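Listed below are the residues making up each chain.
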Amino acid sequence: MFNDTVEGMDIRDMARPLDGAGVSAFLRSLPAAPLLLGLGEARHFVEELGEARNEIFRHLVEHEGYRSFAIESDCLMGLVVDEHITAGAGTLDDVMERGFSHGFGASPANRELVRWMRAYNEEHDEKLRFFGFDGPLEYWAASPRQALTGLYGLLDGPLPCTPETLDALLGPDDRWSDEAAVMDPSRSIGRSADARRLRLIADDLVALLETQAPGLSAQDRERAALYGRTAVGLLRYHHGMADTSPARIATLSALRDAMMAANLRAVAERGPALVFAHNLHLQRTRSLMSFGDQVLAWWSAGAIAAMHLGDRYAFLASAFGTAGDDAPPPDTVEGVLSSLPWDRSVVDARRLAEAVPEAAPRVSRDFAYFPLDPARLGVIDGIVFLKRAVRLGGPLPPGA
């Protein structure tokens with residue numbers, strides 16, 4: 001049976017309490033200061049993890065020079081949050097309602113984060129920034145209207161079409177957001193004549209942005225680039241939704257993470273940022289997920305970002321000991337970590353991989369919890385471990 005001494009190594013020597021000193025020590029252990037520090041979720045809607053994340057971000061802002069926060073939420077809805085924390089636009093209630101996708105606006109920890117970021121900006125000249133980095137996707141994809149018309153409105157002529165033509169090609173938004181198209185490709189508009197023409201228009205607008213970018217303000221360039229990435233990404237995703245091949249769902253998962261990665265690269269250009277999303281999206285390896293009788297595999301946003309950023313990307317996976325009423329067996333990685341003396345710890349994952357080479361995989365009764373894979377510890381930089389997570393909210397589908 002495993003305990004706090006494994007293969008002659010005391011796991012307390014490879015872990016620290018999760019506090020400011022522990023976070024800074026972890027950063028100093030890395031080969032380079034990260035531009036993106038990913039903090040993964042083993043499960044969405046765990047308030048204890050959200051609270052720990054807020055403490056980590058406050059420390060990073062106050063002691064490590066971080067000025068940006070990015071979350072797995074709609075990148076266009078995130079503009080509402082950013083305008084609130086930077087300029088005071090809207091009320092906090094309104095921002096939590098309109099600024100988050102996936103139900104994340106209901107999280108008390110997210111509300112407290114937005115409140116704190118706004119309060120910080122009221123007292124400091126150098127502003128914090130907030131970014132959603134997911135596409136405008138739930139289980140289906142939104143209309144590309146906001147992205148296309150937003151980009152169109154920031155550019156001068158010669159434009160590839162008139163506003164009236166663009167509006168006619170887009171048509172009613174509900175034909176894009178048909179939830180039935182998630183499982184039935186015949187319901188998707190993504191390969192219609194209108195969608196094909198819109199893909200060409202989007203490409204023309206992005207090319208036009210390149211030629212006009214020097215004449216735009218920094219704020220307009222940032223906004224236009226976001227609109228361009230989102231329009232192209234959404235139209236690709238809709239095209240994938242109309243696919244009838246067995247690879248359809250894996251392709252959609254890959255396209256979504258590619259959109260995420262493009263947004264993360266833009267965030268990284270602003271300097272060091274904390275990124276918060278599911279472990280599946282931030283890990284360096286291929287993501288695997290069961291879907292019916294298939295096992296889907298695709299490269300995660302973290303893998304793509306790491307390819308571009310190298311050691312300027314770092315990943316902290318999260319894991320829990322007891323989650324709700326589900327406790328880990330002692331021979332699993334989470335069982336070993338549960339022997340640590342602290343309720344919250346930050347762990348050197350690569351050293352842990354050497355210490356527990358024969359740890360058993362955990363099988364959790366909570367289908368929304370993704371246990372640590374003992375075989376993949378060596379490609380994680382660190383682990384944020386919570387001994388107990390009892391405030392569990394309603395889960396999204398796995399990997400959402």
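Just above sits the structure.
Heads up: these notes are all about the structure in this document. Nothing here was measured: the structure is a model prediction, and the numbers come from that model. (Residues numbered from 1 in each chain as written. Predicted model: local features only at pLDDT ≥ 70, side-chain atom pairs only at ≥ 80, totals over all residues. Heavy atoms only, no water.)

1. A word on the overall build of the protein
Inference 1: Within the protein, the secondary structure is distributed over 14 helices and twelve strands.
Inference 2: Expected size for 400 residues packed as a compact globule is a radius of gyration near 21 Å; at 22 Å, the protein falls within 12% of this value.
Inference 3: Counting only C-alpha atoms, the protein reaches 70 × 55 × 35 Å along its principal axes.
Inference 4: Evaluated residue by residue, the protein yields a buried proportion of 55% over its 400 residues.
Inference 5: Long-range pairs, those at least 24 residues apart, make up 79% of the contacts in the protein between residues at least 6 apart in sequence.
Inference 6: Accessible surface, the protein as shown: approximately 16900 Å² in total, 52% of it carbon and sulfur. (Helix = DSSP H or I, 4+ residues; strand = E, 2+ residues; numbered from the N terminus. Rg over C-alpha atoms; globule rule 2.2 N^0.38 Å. Buried < 20%, exposed > 50% of the residue type's maximum accessible area, 1.4 Å probe, protein only. Contact = heavy atoms within 4.5 Å. Areas by Shrake-Rupley, 256 points an atom, 1.4 Å probe, with all protein chains shown as cover.)

2. Regarding helix α8 (residues 193–212)
Inference 1: Relative to the 28 Å expected for 20 residues at 1.5 Å per residue, α8 spans 29 Å between its end C-alpha atoms, a close match to the ideal helical length.
Inference 2: Contacts from the buried residues of α8 go to α6 (145–154), α7 (163–170) and α9 (218–241). (Expected span 1.5 Å × (residues − 1).)

3. Here's the deal with the packing of α6 against α9
Inference 1: Axis separation between α6 and α9 bottoms out at 8 Å; the angle between their running directions is 140 degrees. It follows from the interaxial angle that α6 and α9 lie oblique. Every pair of crossing elements has a handedness; the one defined by α6 and α9 is left-handed. Across the interface between the two elements, Gln146, Ala147, Leu148, Gly150, Leu151 and Leu154 of α6 pack against Asp220, Arg223, Ala224, Tyr227, Gly228, Thr230, Ala231 and Leu235 of α9.
Inference 2: Looking at the contact of α6 with α9, its residues break down into eight nonpolar, four polar and two charged. (Axes fitted to C-alpha atoms, helices over the stretch in contact; angles between N-to-C directions. Parallel < 35°, antiparallel > 145°, perpendicular 65-115°, else oblique. Left-handed = near helix turned anticlockwise from the far one by under 90°. Nonpolar A, V, L, I, M, F, W, Y, C, P; charged D, E, K, R; others polar.)

4. Examining the layout of surface pockets
Unoccupied space between atoms shows up once a probe the size of one water molecule is rolled over them.
Inference 1: The space that makes up the largest pocket amounts to roughly 900 Å³.
Inference 2: Residue lining of the largest pocket: 34 residues in total, with Ala225, Leu226, Arg229, Asn263 and Ala266 positioned closest to the centre.
Inference 3: Of all elements in the fold, only α3 (78–87), β6 (129–134), α8, α9 and α10 (248–268) reach the threshold of two or more residues within the lining of the largest pocket.
Inference 4: If you tally residues by element for the lining of the largest pocket, the top one is α9, at eleven residues.
Inference 5: Of the residues assigned to the lining of the largest pocket, the class counts are 15 nonpolar, eight polar and eleven charged. (1 Å grid on protein atoms, 1.4 Å probe; cavity = no way out; pocket = protein on both sides within 12 Å on 5 of 7 lines; lining within 4 Å. Points joined across faces, edges and corners; volume = space filled by probe spheres on them.)

5. Here's the deal with the sheet that holds β6
Whether parallel or antiparallel, the strands of a sheet pair through hydrogen bonds between backbone atoms.
Inference 1: Pairing in this open sheet of eight strands is mixed, and the strands run β3-β11-β12-β10-β4-β7-β5-β6 from one edge to the other. Here the strands that pair on one side only, and so sit at the sheet edges, are β3 (15–17) and β6. Across this sheet, the average inter-strand angle for adjacent strands is 25 degrees, counted without regard to direction.
Inference 2: In terms of strand pairing, strand β4 (residues 36–41) meets strand β10 (residues 313–323) through four bridges, oriented parallel. Bridged to Leu37 within β10 is Ala314.
Inference 3: Along the sheet, helix α2 (residues 47–64) makes contact with β4, β5 (68–74), β7 (273–278), β10, β11 (344–348) and β12 (382–389), crossing β7 at roughly 165 degrees.
Inference 4: On top of the sheet, helix α12 (residues 301–309) reaches β4 and β10; it is set at about 150 degrees to β10, its chief contact. (Pairing = 2+ DSSP bridges.)

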